[in-house]
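# Commentary on secondary and tertiary structure
The lines below spell out each chain.
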There are 2 protein chains.
Amino acid sequence: MKRLVIALGGNALLQKGQRGTYSEQLSNARRTAKFLADVIEKGYEVVITHGNGPQVGAIMLQNEIAKNEVPPMPLDVANAETQALIGYMIQQSLQNELRKRGINKEVVTLITQVLVNKDDEAFQNPTKFVGPYYTEEEAKKLIREKGWVMKPDPRGGWRRVVPSPDPKDIVEKNIIRDLVDQGFIIITAGGGGIPVIKENDTYKGVEAVIDKDLASALVGKIVRADTLLILTDVEYAMLNFGKPNQTPLKKVKLEEIEEYYRQGHFSPGSMGPKILACIRFIKCGGKRGIIAHLEKSSLALREETGTIVVP
Amino acid sequence: MKRLVIALGGNALLQKGQRGTYSEQLSNARRTAKFLADVIEKGYEVVITHGNGPQVGAIMLQNEIAKNEVPPMPLDVANAETQALIGYMIQQSLQNELRKRGINKEVVTLITQVLVNKDDEAFQNPTKFVGPYYTEEEAKKLIREKGWVMKPDPRGGWRRVVPSPDPKDIVEKNIIRDLVDQGFIIITAGGGGIPVIKENDTYKGVEAVIDKDLASALVGKIVRADTLLILTDVEYAMLNFGKPNQTPLKKVKLEEIEEYYRQGHFSPGSMGPKILACIRFIKCGGKRGIIAHLEKSSLALREETGTIVVP
């Protein structure tokens, strides 16, 4: 069980209450690099993926505020920019941490496009809130002028909603597999990857958001990883989450968790996709899908904490 | 002469008078991809680098305008973001163009850090204008509050000036060399690379701008390229540039062009670094340094146009 995809959650780069300054994010990246190095030091071959929620929101907000001076970029470009922003911080922090420990491993970030199906039903039913908050009036103007889908966000204000299509393939998969096979550490499919469709045999970016855990499961399949380790800010997935009888899920077999998933134990926007990512990963040959707390990554690999899905 | 570093200039992505919308830049990238594919089709192993002047300016302006809402990122992060923005467009456009021609080659963008010497004298003498224009009053406030160096730009207004240190090494060089040796096409060191220094054996980003042609010469050395092809919007470097007796430089030997360089024939901000990049490239084992017009890249490789520096 030595090849590992690590999917970093939002808390790897931003902690609650932080505004997201560079020094905050860099200091979190350096802390995260220690957890990653702990795992690498144990001999695991590691591939890193990560979320980008707050960062892509910040870039979209910059695009919006500066739009009269600077032509705003679409969401696929904003995603690419977060791959660089976050990738750079993790890449550099991990290079430094590995050197400090005398581990001779190299790290690089790949700008990664993830193929989605242009007929994915998500395109008919956008559900993912992204970017800044608008008044109803502004929102209706954007609907008219840009054709965006805008909806009231339960947290207040109107926001753009975009499709969250299913990741089907990774355009750069051969390069990814090659680098991993040669012992390099790569950061890939950041923020779920840049979503692209294929039309007339041509790749084209689309304004959508791919779930980063589902994309990570796909990365796991491509590099033939043994373990998918999804790091987040809770220690376990819960049965009956939020109810008086909630129970942490520890080691669980594929069939069992599929049943829980169907029963709706996991909320669609957060734990749901993590569970689904583990299910998919096991179904395409993975040996373990683990959901665990960022700070307990090494413990989780020893199966002393975390929700662990096995075949 | 089959391994080639192609350094794309600003006109590969933006043409005169364009505002820099996504559709403008993507359409230019697609056009540029055809020139690149023409060269790849002839059997050259190609490594791509590129400038980022207008794009990094746009991102810095967004950072400035939105600074009350979104914590602005430093220049090294803005550089990383342009590597993704531009890399993504060229990567996708070239993938599409190659597939259309039935060429089975893969392309990826690497987030690349370029090491500079922390004692580089450029840090004592910042010279490179970057980012938005300010009033004198705003500029003086930024000098006080952020410690930035601000100077009146000859084009009007005050602007930040940053150091332009000499590129010394590429942090990700082994990965670059490995991918090129295996036949992959990479886009690397965009915008001259993210400038980093080494302090206490730790890499750290610095707010500076590395000349993209000098960085490209370094890439050429690292991948042991035969040819460095610097593509720009003129056909030749000129002797006595701008004077009545200006003469295009065609094929020229290293010693001769070094002499012209010392005599000051080439302007420091534009042709100078291109010539210096060719000189350095030849001195570290390259066979040809070519400066040519983007649209004439294939002709230039046949030595039918362009300034061609040889040992």
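Described below are features of the structure shown in this document. (Residues numbered from 1 in each chain as written. Chains lettered and ligands numbered in written order. Predicted model: local features only at pLDDT ≥ 70, side-chain atom pairs only at ≥ 80, totals over all residues. Heavy atoms only, no water.)

### Some thoughts on the overall build of chain A
In terms of regular secondary structure, chain A is built from 9 helices and 17 strands. Here the C-alpha atoms of chain A give a radius of gyration of 19 Å, agreeing with the 19 Å that 2.2 N^0.38 yields for 311 residues. Taken along the three principal axes of its C-alpha coordinates, chain A extends 55 × 45 × 45 Å. Residue pairs in contact within chain A that sit at least 24 positions apart in sequence constitute 73% of those at least 6 positions apart. As presented, chain A carries roughly 12,500 Å² of accessible surface, and 48% of it is formed by carbon and sulfur atoms. (Helix = DSSP H or I, 4+ residues; strand = E, 2+ residues; numbered from the N terminus. Rg over C-alpha atoms; globule rule 2.2 N^0.38 Å. Contact = heavy atoms within 4.5 Å. Areas by Shrake-Rupley, 256 points an atom, 1.4 Å probe, with all protein chains shown as cover.)

### Looking at the relation of the copies chain A and chain B
Superposition of chain A onto chain B requires a rotation of 180° combined with a translation of 0.0 Å along the rotation axis, giving an RMSD of 0.0 Å. Taken together, the turn and the small shift mark the pair as related by a two-fold rotation axis. Most of the interface of chain A is mirrored in chain B: 100% of its interface residues are interface residues there too. (Least-squares fit on C-alpha atoms with pLDDT ≥ 70 in both.)

### Some remarks on the pairing of strand E4 (residues 113-116) of chain B
Residue and element names in this part refer to chain B. Residues Gln-113 and Leu-115 line one face of E4 and the alternating positions Val-114 and Val-116 line the opposite face, and both faces are buried. Here 3 bridges tie E4 to strand E10 (residues 194-199), and the two strands are oriented parallel to one another. The partner of Val-114 across the bridge, within E10, is Pro-195. With 3 bridges connecting them, E4 and strand E8 (residues 167-170) associate as antiparallel partners. Residue pairing in the sheet places Val-114 in a bridge with Ile-170 of E8. (Buried < 20%, exposed > 50% of the residue type's maximum accessible area, 1.4 Å probe, protein only. Pairing = 2+ DSSP bridges.)

### Observations regarding the side chain of Asn-79 of chain A
Residues and elements named next belong to chain A. Along the chain, the position of Asn-79 falls in helix H3 (residues 75-100). Judged by relative accessible area, Asn-79 falls into the buried class, the value being 6%. At 3.3 Å, the side chain of Asn-79 and the backbone oxygen of Gly-191 are in polar contact. Not counting residues up to four positions away in its chain, the partners in contact with Asn-79 are Asn-52, Val-56, Gly-190, Gly-191, Gly-193 and Ile-194. (Polar contact = N/O pair within 3.5 Å; in protein donor to acceptor, adjacent residues only side chain to side chain.)

### With respect to the pattern of salt bridges
Enumeration over the complete set of coordinates arrives at 60 salt bridges over all chains. For Arg-159 of chain B, the salt bridge goes to Asp-153 of chain B, with nearest N and O atoms at 2.9 Å. Exposure class is identical for Arg-159 of chain B and Asp-153 of chain B. Each is buried. Members of the salt-bridge network, linked through shared partners, are Lys-34, Asp-38, Glu-41, Glu-97, Lys-100 and Arg-101 of chain A. (Salt bridge = Lys/Arg side-chain N within 4 Å of Asp/Glu carboxyl O.)

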